[in-house]
Amino acid sequence: MISVRSALRSPARLKTELLAGLVVALALIPEAIAFSVIAGVDPRVGLFASVTMAITIAFVGGRPAMISASTAAVALVIAPVSRQYGVDHLIATVVLGGLFQILLSVLGVAKLMRFVPRSVMVGFVNSLAILVFVAQIPHLVDVPWMVYPLVAAGILVLVFLPRISEAVPAPLVAIVLLTVVTVTFSLNVPDVADQGELPESLPSLLLPDVPPTFETFEILAPYALAMALVGLMESLMTAKLVDDITDTPSNKTREGWGQGIANIVTGFFGGMGGCAVVGQTMMNVKVSGARTRLSTLAAGVFLLVLVVALGDVVGLVPMAALVAVMIMVSIATVDWHSVHPRTLRLMPFSETLVMLVTVVATVSTGNLAIGVTLGVLTAMVLFARRVAHMTSVEKIVAADTDGDGSVDRCTYRVTGELFWASSNDLVHRFDYLGDPAEVVIDLTDADVWDASTVATLDAIQHKYAAKGKTVTIVGLDGAGLERLRRLSGRLGESH
């Protein structure tokens, strides 16, 4: 992992980090304005949120080079607060959401990332690419015809310039070049200034004017908790994605409470809150090659300078340039190997289904958190179904043990992991009427994982007892035996 100190000592690396931050800052402006509209607030609220989120997370975050700013996911969650109660309540919600994120991180919510399977990650990446591309479509519909050659020219620069030289990031060259062409020839095309009014002063510290009562907490808490969960999920998923791209680890717990601190700071500066921005993070890491916190800090500082001091200049940047950059970001983000026909033929159907559920849910709702949640739930159900079918029951009939010429004992050997999914039909695998008076259930090659299995074993014993037969369970040890002893006969009436 490249450290900030080593980046400061290397002019080449420092240039890469700073220019990457500048490109990201330019790309953040129209999105921050758009997210402000979604949240129902002034564009300055979204822009200042992006500034304070980026600068704060550069110091307290756990994933270097990841960009945090105002996002659509958070804007959608907190928009009802702004509409119903006003901006002060929205800001209070952001602060409370930050506190929830710190609490959840301290409780270890980041450790849940280990339960996100690879197929969900692939679906997350591919749906992100689709969302980034779809977000550009409004800028390509009902626009002057000159927008299309400008976008095409920008894409050509982004594709071919890196093959000639990487001295300056291709996205920055494309933005500057198309801006110069647009201004020089006075082309009538949409620009950044058309997206909303840029602020003319620095953000100031403020306290939300809300009554400090429990009633206020009851109103804001559901929105704040939803914001905290959505922000953490999107940020931790993005951090994992950057880990894979850079082959370096990150501190997910620190990233979690860092997001909380950043949202608290953002709230007290009048911002609408946010989380990791996946598109701009990919632009920073994958396209521009940034690797340290300097790029994140530079993005926040440059964004502040651009919108406050150079607002008139930034307003001249044609949207076509930013659209071209984001289209290339979406193309670079897609995991093309995962959708190759050969990969789809080789991949188990369950893995492909999980990826498709994640993609469809994310794209249809426009919310990465919902898509990931449904993807994980689908993976859990399919895994439980697969494991449930790996349980077997074999009946072994014993010889006559008392010399009266009849079989008076039989053994059932159960193999596999017994839990709620695999043990549900276990009760139907025994011959209650035809079995002899003594029945042995051998669990040497099995294990008992939950109360559902204990309840099933109790039900089996009750069914045999109703026929005047006895059941002996053998072969269990360790935690499975302890669980059976502790719960057996205490789970209510068994049938």
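Residues numbered from 1 in each chain as written. Predicted model: local features only at pLDDT ≥ 70, side-chain atom pairs only at ≥ 80, totals over all residues. Heavy atoms only, no water.

Caption draft 1: Region of the structure containing the overall build of the protein chain. Tallying secondary structure elements over the protein chain gives 20 helices and 6 strands in all. Computed over C-alpha atoms, the radius of gyration of the protein chain comes to 29 Å, more than 25% over the 23 Å expected from 2.2 N^0.38 for 495 residues, which places it beyond the range of a compact globule. Each of the three principal axes of the protein chain carries a C-alpha extent, and together these read 110 × 60 × 50 Å. For the protein chain, buried positions account for 52% of its 495 residues. Contacts in the protein chain between residues at least 24 apart in sequence constitute 83% of all its contacts with a sequence separation of at least 6. Roughly 22700 Å² of accessible area belongs to the protein chain as shown, and the carbon and sulfur atoms make up 64% of that amount. Across the protein chain, 32 positive and 39 negative side-chain charges occur, with their mean positions spaced 7 Å apart. (Helix = DSSP H or I, 4+ residues; strand = E, 2+ residues; numbered from the N terminus. Rg over C-alpha atoms; globule rule 2.2 N^0.38 Å. Buried < 20%, exposed > 50% of the residue type's maximum accessible area, 1.4 Å probe, protein only. Contact = heavy atoms within 4.5 Å. Areas by Shrake-Rupley, 256 points an atom, 1.4 Å probe, with all protein chains shown as cover. Lys, Arg positive; Asp, Glu negative; His and termini not counted. Charge placed at Lys NZ, Arg CZ, Asp CG, Glu CD.)

Caption draft 2: Expanded view of the sheet that holds strand β4 (residues 409–418). Read from one edge of the open sheet, 4 strands run β3-β4-β5-β6, paired in mixed fashion. Taken across any chain shown, the strands that pair with only one partner, and hence form the sheet edges, are β3 (392–397) and β6 (470–474). Averaged over all neighbouring strand pairs, the angle between strand axes comes to 20°, with direction disregarded. Sheet topology places strand β5 (residues 438–448) next to β6; 5 bridges connect them, and they run parallel. Among the inter-strand pairings, Val440 is bridged to a residue of β6, identified as Thr472. Contacts from helix α19 (residues 451–466) reach β4, β5 and β6, with the element oriented near 170° to β5. (Pairing = 2+ DSSP bridges. Axes fitted to C-alpha atoms, helices over the stretch in contact; angles between N-to-C directions.)

Caption draft 3: Main features of the layout of surface pockets. In this model, the largest pocket occupies a volume close to 700 Å³. Elements supplying a minimum of two residues to the lining of the largest pocket: α2 (11–39), α4 (72–85), α6 (118–134), α11 (278–287) and α14 (319–333). At 8 residues, the largest contribution of residues to the lining of the largest pocket is made by α2. Taken together, the residues that form the lining of the largest pocket break down as 24 nonpolar, 9 polar and 2 charged. (1 Å grid on protein atoms, 1.4 Å probe; cavity = no way out; pocket = protein on both sides within 12 Å on 5 of 7 lines; lining within 4 Å. Points joined across faces, edges and corners; volume = space filled by probe spheres on them. Nonpolar A, V, L, I, M, F, W, Y, C, P; charged D, E, K, R; others polar.)

Caption draft 4: Here's a closer look at the packing of α4 against helix α9 (residues 214–246). Close contact between α4 and α9 brings their axes to 8 Å; oriented N to C, the two are set at 165°. It follows that α4 is roughly antiparallel to α9 by the angle criterion. Of the two elements, α4 crosses α9, and the hand of that crossing is left-handed. Contacts between α4 and α9 involve Ala73, Val74, Val77, Ile78, Pro80, Val81, Gln84 and Tyr85 from the first element and Ile219, Leu220, Tyr223, Ala226, Met227, Val230 and Glu234 from the second. Of the residues in the contact of α4 with α9, the class split is 13 nonpolar, 1 polar and 1 charged. (Parallel < 35°, antiparallel > 145°, perpendicular 65-115°, else oblique. Left-handed = near helix turned anticlockwise from the far one by under 90°.)

Caption draft 5: Region of interest: the nonpolar core. Among the nonpolar cores identified, the biggest contains 72 residues, and Ile29, Phe124, Leu241 and Met283 are the most heavily contacted of them. Ignoring sequence-local partners within four residues, the contact set of Met283 consists of Val23, Val24, Ala27, Ser288, Val325, Met326 and Val329. (Core = buried A, V, L, I, M, F, W, Y, C linked by side-chain atoms within 4.5 Å.)

Caption draft 6: A look at the environment of Ala384. For Ala384, the position within the fold is in helix α17 (residues 368–388). Ala384 gets classed as buried once you look at its relative accessible area, which sits at 5%. As for Ala384 and Gly279, which are separated by 105 residues in sequence, their C-alpha atoms are 34 Å apart. Each residue touching Ala384, except ones within four places of it in the same chain, is listed here: Phe419, Trp420 and Ala421.

Caption draft 7: Structural context of empty space enclosed by the protein. Following the criterion strictly, the structure yields 2 cavities of 30 Å³ or more and no others. The volume enclosed by the largest cavity comes to roughly 50 Å³. Every residue along the wall of the largest cavity is listed here: Ile57, Ala58, Gly61, Arg63, Pro64, Ala65, Met66, Ser68, Glu255, Gln259, Arg293 and Thr296. Elements supplying a minimum of two residues to the lining of the largest cavity: α3 (43–60), α10 (252–268) and α12 (293–308). Within the lining of the largest cavity, the residues separate by chemical class into 5 nonpolar, 4 polar and 3 charged. Looking at the second largest cavity, its volume works out to about 30 Å³. What lines the second largest cavity is His139, Val147, Pro190, Met319 and Ala320. Partitioned by chemical class, the residues of the lining of the second largest cavity number 4 nonpolar, 1 polar and no charged.

Caption draft 8: How the structure looks around the environment of Leu103. Position of Leu103 among the secondary structure elements: in helix α5 (residues 87–106). Between the alpha carbons of Leu103 and Lys240 there is a distance of 21 Å; along the sequence they are 137 residues apart.

Caption draft 9: Region of interest: unusual backbone geometry. Positive phi, close to 75°, is recorded for Ala65, a residue that is not glycine. Here Ala65 lies in the loop between α3 and β1 (68–69). Look at Asp247: it is not a glycine, yet its phi comes out positive at around 55°. One can find Asp247 in the loop between α9 and α10. Among the residues examined, Asp247 registers a relative accessible area of 69% and is labelled exposed.

Everything listed is a geometric property; what it means functionally is a separate question.
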